[in-house]
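Geometric and topological summary
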Amino acid sequence: MGKRPHNLYAGPAILPLEVLEEARHDLLDIGGTGLSLLESSHRSPLYAEINETTANDLRTLLEIPENYSILFLQGGASLQFGMIPMNFLCGGVADYVDTGAWAGKAIKEAKLFGTVNVAGSSKAENYSRIPRDLKFTPEARYVHLCSNETIGGIRWNDFPETGDVPLIADMSSEICSRVIDVSRFAMIYAGAQKNLGPSGVTVVIIRKDLLEKVPADLTTMLKYTTHAENDSNYNTPPVFTIYMVGLVLKWLKKRGGIAAMEEVNDRKAAMLYDFMDAGGYYRGTAATEDRSTMNVTFRLPSEELEKKFLAEAKNAGFLGLKGHRSVGGCRASIYNAFPVEGVEALIAFMKRFQADNS
Ligand SMILES: *Cc1c(COP(=O)(O)O)cnc(C)c1O
């Protein structure tokens, strides 16, 4: 096999090589069955075990309390933007914090199902920080936030106190990257393709009392209760994606779990931010105190230099450094599976480019 490039794509994103190799090994014959999982029934004992083990491993890793259900859904995190208000807003009021592109998409969908109060927004500051002065509605059905804005590269370090109002978070681009107190949230959701596996499944962690609020007259597939009551096996689930998520979780356990991962992630991000802060050539776009450890966004002295930087980076084997098309600039997505050595190599490349172009 050829040398793997440095994969800095925002998503679908880098997977651990070990996980890919294990999947390759299992591809033609899983567990001595002589069958590929790709051609096996989702009602087979083999898949039942994968489904259960994957959920159990996530529960262990994130220390998810027993009063939460873990669901594997389809439609991406984007479907959750609509499913959440469909199940829980129902003509009432909900508070949303507007931190950027993903929070904005969630707000757009929620408006179809009730009243949205934007409790805080950093739009005026180009979404370069997490808004501080939040105005919550006492009778809100829930509060929604995006814990890590993949495009702007900002994250919540501390989560707001919402009392009895359920707190719901989109953690797509940072789930399992740092220790989180799950009991602070009524619901957490995350598309798998950033930090958990390939695309095709969305993990939903939902407190069981919330399930009691789901209206009976919703279409079957869009009710959380349908999936909770059927162990996410009401219809055919994306079995291979869920199997891959299971492998990633086993890899995380082997690496020492979430706290150990967080330590490495903090170190990787600090290396990159410290280098940029010291030189002044590369300018981080996120407010220092709200910087994401997963998505590092930065600019060069000019757009012309950015173009050149991206082209040369690609030639040198650093893929996916282009910022999201809506904001431009550059972004290094350094998820769990992106190694420390990759960050070192990136910094060495950035130093060389700077020396040649300033
Ligand atoms: C990628 C992303 C999404 C969208 O995920 P899909 O699975 O493509 O729907 C939503 N929220 C955040 C924070 C993301 O990073």
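Residues numbered from 1 in each chain as written. Predicted model: local features only at pLDDT ≥ 70, side-chain atom pairs only at ≥ 80, totals over all residues. Heavy atoms only, no water.

**Quick word on the overall build of the protein chain**
When you go through the protein chain residue by residue, the secondary structure sums to 10 helices and 14 strands. Here the protein chain has a C-alpha radius of gyration of 21 Å; the compact-globule value for 358 residues is 21 Å, and the two agree. If you line up the protein chain on its principal axes, its C-alpha atoms span 65 × 55 × 30 Å. Within the protein chain, the fraction of its 358 residues that count as buried is 56%. When contacts within the protein chain are restricted to residue pairs at least 6 apart in sequence, long-range pairs at least 24 apart make up 66% of them. For the protein chain, the accessible area works out to roughly 15,900 Å², and carbon and sulfur atoms hold 51% of it. Between the mean site of the 38 positive side-chain charges and the mean site of the 43 negative ones, the protein chain shows a separation of 6 Å. (Helix = DSSP H or I, 4+ residues; strand = E, 2+ residues; numbered from the N terminus. Rg over C-alpha atoms; globule rule 2.2 N^0.38 Å. Buried < 20%, exposed > 50% of the residue type's maximum accessible area, 1.4 Å probe, protein only. Contact = heavy atoms within 4.5 Å. Areas by Shrake-Rupley, 256 points an atom, 1.4 Å probe, with all protein chains shown as cover. Lys, Arg positive; Asp, Glu negative; His and termini not counted. Charge placed at Lys NZ, Arg CZ, Asp CG, Glu CD.)

**Some details on the environment of Gly256**
Relative to the elements of secondary structure, Gly256 occurs in the loop between helix H7 (239–254) and helix H8 (257–279). Classification of Gly256 as exposed rests on a relative accessible area of 51%. Along the backbone, Gly256 and Leu61 are 195 residues apart, and their C-alpha atoms lie at a distance of 9.5 Å.

**Observations regarding the packing of helix H1 (residues 17–27) against H7**
Where H1 meets H7, the axes come as close as 10 Å, and the angle between the chain directions of the two elements is 135°. Accordingly, the angle class assigned to the pair H1 and H7 is oblique. Every pair of crossing elements has a handedness; the one defined by H1 and H7 is right-handed. In contact with Glu18, Val19, Leu20, Glu22, Ala23, Asp26 and Leu27 of H1, H7 contributes Phe240, Tyr243, Met244, Leu247, Val248, Trp251 and Lys254. (Axes fitted to C-alpha atoms, helices over the stretch in contact; angles between N-to-C directions. Parallel < 35°, antiparallel > 145°, perpendicular 65-115°, else oblique. Left-handed = near helix turned anticlockwise from the far one by under 90°.)

**Regarding the nonpolar core**
Judged by nonpolar contacts, the single largest core of 81 residues is most densely connected at Ile205, Tyr282, Phe298 and Phe309. Looking at this core, the element that brings in the most residues is H7, giving 10 residues. Taken domain by domain, this core gets at least three of its residues from each of domain 1 (18–254) and domain 2 (256–356). Setting aside residues no more than four positions away along its own chain, Phe309 makes contact with Tyr282, Phe298, Leu300, Leu321, Cys330, Phe349, Met350 and Phe353. Formed by 28 residues, the second largest nonpolar core is a distinct cluster that contains Met83, Met86, Tyr96 and Val116. (Core = buried A, V, L, I, M, F, W, Y, C linked by side-chain atoms within 4.5 Å. Domains from an automatic or database assignment.)

**Some remarks on the site of the ligand**
What surrounds the ligand is a group of 13 residues, the closest being Ser78, Thr150, Asp170, Gln193 and Lys194. One of the side-chain N or O atoms of Ser78 is found 2.6 Å from an oxygen atom in the ligand. Here a nitrogen atom of the ligand and a side-chain polar atom of Asp170 are 2.6 Å apart. Burial of the ligand by the protein chains amounts to 86% of its free accessible area of 390 Å². Judged by the proximity of its atoms to the pocket grid, the ligand belongs to the largest pocket. The greatest single-element share of the shell around the ligand, amounting to four residues, is contributed by helix H3 (residues 76–88). (Near = heavy atom within 4 Å. Polar contact = N/O pair within 3.5 Å; in protein donor to acceptor, adjacent residues only side chain to side chain. 1 Å grid on protein atoms, 1.4 Å probe; cavity = no way out; pocket = protein on both sides within 12 Å on 5 of 7 lines; lining within 4 Å. Sits in = over half its atoms within 2 Å of the grid points.)

**Observations concerning empty space enclosed by the protein**
Scanning all chains against the criterion turns up two cavities of 30 Å³ or more. If you add up the space inside the largest cavity, you get close to 60 Å³. Lining the largest cavity, in full, are Ile14, Leu15, Pro16, Lys194, Asn195, Leu196, Gly197, Val248, Trp251, Leu252, Asn336 and Ala337. Looking at side-chain class alone, the lining of the largest cavity contains eight nonpolar, three polar and one charged residues. Roughly 50 Å³ of volume is contained in the second largest cavity. In this structure, the second largest cavity is lined by Leu62, Met171, Glu174, Ile175, Cys176, Arg178, Ile180, Val182, Ile188 and Ile205. (Points joined across faces, edges and corners; volume = space filled by probe spheres on them. Nonpolar A, V, L, I, M, F, W, Y, C, P; charged D, E, K, R; others polar.)

**Quick look at the layout of surface pockets**
Estimated volume of the largest pocket: approximately 620 Å³. If you go around the largest pocket, you meet 34 residues; those closest to its centre are Ala10, Gly11, Ile151, His324 and Arg331. Residue composition of the lining of the largest pocket, by class: 14 nonpolar, 13 polar and seven charged.

**A few points about the packing of aromatic side chains**
In total, this model carries 15 aromatic pairs according to the counting rule given. Plain terms: the ring middles of Phe81 and Tyr189 are 6.3 Å apart, the flat faces sit at 75° to each other, and that makes the pair edge-to-face. Pair noted here: Phe81 is in helix H3 and Tyr189 is in strand S9 (residues 187–191), with a separation of 108 residues, a long-range link. Here the two residues Phe81 and Tyr189 agree in accessibility, since each one is buried. One aromatic cluster in this structure is built from Phe275, Tyr281, Tyr282, Phe298, Phe309, Phe318, Phe349 and Phe353. (Phe/Tyr/Trp six-rings, centres within 6.5 Å; stacked < 30°, edge-to-face > 60°.)

**What about the sheet that holds strand S14 (residues 330–333)?**
Sheets are built from strands that pair by backbone hydrogen bonding, the pairs being arranged parallel or antiparallel. Read across the open sheet, the three strands follow the order S11-S12-S14; overall the sheet is antiparallel. Looking at strand neighbours, the two that pair on one side only are strand S11 (283–284) and S14, the edges of this open sheet. In the sheet, S11 pairs with strand S12 (residues 295–299) via two bridges, with the strands oriented antiparallel. Bridging from a neighbouring strand, Arg283 pairs with Arg299 of S12. Each of S11, S12 and S14 touches H8; the most contacted strand, S12, lies at about 15° to it. (Pairing = 2+ DSSP bridges.)

**A closer look at the pairing of strand S4 (residues 115–121)**
Across six bridges, the pairing between strand S3 (residues 93–98) and S4 is parallel. Residue pairing across strands places Ala94 opposite Val116, the latter belonging to S4. Handedness of the S3-helix H4 (residues 101–110)-S4 crossover: right-handed. (Right-handed = clockwise from strand over helix to strand, strands pointing away.)

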